[in-house]
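# Working through the structure, step by step
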Amino acid sequence: MKIAILPGDGIGPEVTEQARRVLDALDLPKLTIWEGDVGGIAYKRHGHPLPQETLEMARAADAVLFGAVGDPDCDDLPREHRPEQAILGLRSELGLFANLRPAAGYPGLEDMSSLRPEIARGIDLLVVRELNGDVYFGDKGERSSDGGREGWDAMSYNEAEVRRIAHTGFQAAQKRRGRLTSVDKANVLETSRIWRETVIEVAKEYPDVELDHMYVDNAAMQMVRSPGQFDVILTGNLFGDILSDQASACVGSIGLLASASMGERQTDFGTFGLYEPIHGSAPDIAGQGKANPIAAILSLAMLLRHSLGRENEAGRIERAVAKVVASDVRGADLGGTASTSEIGDAVLRQMTALA
Ligand SMILES: NC(=O)C1=CN([C@@H]2O[C@H](COP(=O)(O)OP(=O)(O)OC[C@H]3O[C@@H](n4cnc5c(N)ncnc54)[C@H](O)[C@@H]3O)[C@@H](O)[C@H]2O)C=CC1
Ligand SMILES: CC(C)CC(=O)C(=O)O
Ligand SMILES: [Mg+2]
């Protein structure tokens, strides 16, 4: 089993270090771990945010554990050299079109939700976000116009792209509570009209899944009004990016939500994937020991489950995390004083207790 760890920038290395401690504590046999540069640090060391060597390492692995990229020092670089291009490049080069972002409330954490506790208690949803298309990958540029400089980013989806992510969404709903909400903006966007019609076509293959459609503006409102109504949310790259950050505040903190990015490639142990917290490099708290490493640790659990077939270990990590989250060991994001490494220590202690 080969895991490539790409810590990246800002709090990326801080949270990834705690996930690495958890991985080491599992003492898995026949595991090889590689580490590579990505993002702003890679640009500074190698002149490119996604060096060829890093991409090849990711390709050769069974799974990638990713931290975060983004560095204010790089804000003025041309787009192709900015750190964020590295994660977009990995997602497209590795064919990772399906981004799974689970968001579920934790008993004992309702007080930290941005919602009233009785509303927060009902959250148990999965955002299935398309990851290889939409405005992030469309034609883009800058031109002069009568109104000064004009930027554009083309939004597009074709039927094949929608179909494959729709299958992921329906199959996820079958394994959960059998409900799928497709989120679009079909009242005004051509992209969304194709999206909606294609999802309706695919739905015929999943008669056991209850499908509904929601415009994204309403979905954002419903997410804070009554998030318990959602089971699986199927949506595009941009809307999924935004709604999943919003879901994290409903749960309690962006430092809690993990994600899996999957494609079609099978490994000897499962499906190849890249696993990362949903948050970014958080330059505002980087280097201060304030980052919550739970999202990175839960990303490792997803990696073990989906790419390495290690359900027992994944479950053990998740149970340990639930105990820590329900305890008084909380970071600043959850109103506490525990540092990044103290939260890591607490997870390791719970893992030992559960062994
Ligand atoms: N996949 C990736 O690598 C991503 C990279 N980014 C990049 O990260 C940089 C910062 O972006 P922002 O918009 O500020 O988003 P962000 O997610 O890095 O931070 C948003 C807010 O949440 C807080 N936060 C984030 N993670 C936390 C954690 N684990 N524990 C406690 N608090 C946490 C931050 O301190 C900040 O106040 C930018 O360069 C952005 O492009 C943003 C999102 C994803
Ligand atoms: C750098 C962004 C494209 C990534 C992001 O915000 C995300 O995937 O959540
Ligand atoms: Mg995001």
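Residues numbered from 1 in each chain as written. Chains lettered and ligands numbered in written order. Predicted model: local features only at pLDDT ≥ 70, side-chain atom pairs only at ≥ 80, totals over all residues. Heavy atoms only, no water.

How we decide: UniProt positions are given in the numbering used here, feature names are shortened, and annotations may be inferred rather than shown by experiment.
The name given to the protein chain in an unreviewed UniProt entry is 3-isopropylmalate dehydrogenase, and the organism recorded there is Qipengyuania polymorpha. Database annotation for the protein chain, UniProt heading Subunit (unreviewed entry): "Homodimer." The UniProt entry for the protein chain carries the following text under Subcellular location (unreviewed entry): "Cytoplasm".

### As for the pairing of strand E4 (residues 98–104)
In plain terms, the rule: The buried label applies to any residue whose accessible area, calculated with a 1.4 Å probe on protein chains only, is under 20% of its type's maximum; exposed applies above 50%, and partly exposed to all values in between. What counts as a helix is a DSSP run of H or I of at least four residues, what counts as a strand is a run of E of at least two, and both are numbered from the N terminus. Here the rule is simple: two strands pair whenever DSSP picks up at least two bridges between them.
Judged by how many residues are buried, E4 sits mostly within the fold: five of seven residues are covered. Judged from the seven bridges that link them, E4 and strand E5 (residues 124–130) form a sheet pairing that is antiparallel. The residue bridging Leu 100 from the neighbouring strand is Val 128, located in E5. The pairing of E4 with strand E11 (residues 258–266) spans three bridges and is antiparallel. Among the inter-strand pairings, Leu 100 is bridged to a residue of E11, identified as Ala 260.

### Here we look at the side chain of Ser 253
This is how it is decided: Residues count as neighbours in contact if any of their non-hydrogen atoms are within 4.5 Å of one another.
Assignment of secondary structure puts Ser 253 in the loop between helix H9 (237–251) and E11. Apart from residues lying up to four places away in sequence, Ser 253 is in contact with Ser 248, Asp 333 and Leu 334.

### A look at the UniProt feature "domain: Isopropylmalate dehydrogenase-like" (unreviewed entry) in the protein chain
The UniProt feature table records "domain: Isopropylmalate dehydrogenase-like" (unreviewed entry) at residues 2–347. End C-alpha to end C-alpha, residues 2–347 measures 24 Å, and it is 40% helix and 22% strand.

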